[in-house]
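# Examining the three-dimensional arrangement
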Amino acid sequence: MENERDLVVFEDDKGNEITMEVLDYFFYEGQEYAMLTDYSEEKEEKCNACDAESCEGCEPEEVLIMKVVPVGEDEEEFVPVDEELGEKLIQLLEDGAFDDDDFDDEEE
């Protein structure tokens, strides 16, 4: 069975579509955030070409953190976070802080 990807399409200021893949959702200080990376079909084909869990071509090039804001019943909006918060959340993710379901998201 093929893994289904969580893809989101954004539009830049010039009207160009940018497809991002949501790698994970997590909560921090009562707010929901998403970890995203650039997506392309070429990259997916390369990643599906190997059997390894992780290979050099499968590593995300850049990770973006966006706040998830509910709009309506079944829709959500992705809002960029400021650079300082983004860096802090990425560091927490790298440290495995969100791997534990009992993570206490209070400031240290």
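Each remark here, short or long, concerns the structure printed above.
Residues numbered from 1 in each chain as written. Predicted model: local features only at pLDDT ≥ 70, side-chain atom pairs only at ≥ 80, totals over all residues. Heavy atoms only, no water.

### Description of the pairing of strand β4 (residues 63–71)
What counts here: In this description, strands pair whenever DSSP reports at least two bridges between them. Only runs of H or I of at least four residues qualify as helices and only runs of E of at least two qualify as strands under DSSP, and these elements are numbered from the N terminus.
Pairing of strand β3 (residues 31–38) with β4 involves 5 bridges; the strand directions are antiparallel. Residue Tyr-33 lies in a different strand from β4, and its bridge partner there is Lys-67. Here β4 pairs with strand β5 (residues 75–80) via 6 bridges, running antiparallel. Across the sheet, the residue bridging to Val-68 is Phe-78, located in β5.

### Observations concerning the sheet that holds β4
As a reminder, the rule being used: An axis is simply a line fitted to the C-alpha atoms; with a helix, the fit covers only the stretch in contact. Between two such axes, the angle follows the N-to-C directions and lies from 0 to 180 degrees. Note on contacts: a residue pair qualifies if any of its non-hydrogen atoms lie within 4.5 Å across the two residues.
Strand order across the open sheet formed by 5 strands is β1-β2-β3-β4-β5, with antiparallel pairing between neighbours. Edge positions in the sheet fall to β1 (7–11) and β5, since each has one partner strand and no second. Geometrically, the sheet is characterised by an average inter-axis angle of 45° between neighbouring strands, direction not taken into account. Pairing between strand β2 (residues 17–28) and β3: 8 bridges, direction antiparallel. Across the sheet, residue Asp-24 finds its bridge partner in β3, namely Met-35. Running over the sheet, helix α2 (residues 83–94) touches β2, β3 and β4 and is turned about 65° from β2.

### Describing the nonpolar core
As a reminder, the rule being used: What we call a nonpolar core is a set of buried Ala, Val, Leu, Ile, Met, Phe, Trp, Tyr and Cys residues that are connected through their side-chain atoms within 4.5 Å. Buried means the residue's accessible area, taken with a 1.4 Å probe over protein chains only, is under 20% of the maximum for its type, while exposed means over 50%, and partly exposed covers the values in between.
Core analysis: the largest hydrophobic core is formed by 11 residues, namely Phe-26, Tyr-28, Tyr-33, Met-35, Ile-65, Val-81, Leu-89, Leu-92, Leu-93, Ala-97 and Phe-98. Those elements that provide at least two residues to this core are β2, β3 and α2. Here the element with the most residues in this core is α2; it accounts for 3 residues. Among the nonpolar cores identified, the runner-up in size contains 8 residues, and Val-22, Ala-34, Leu-36 and Met-66 belong to it.

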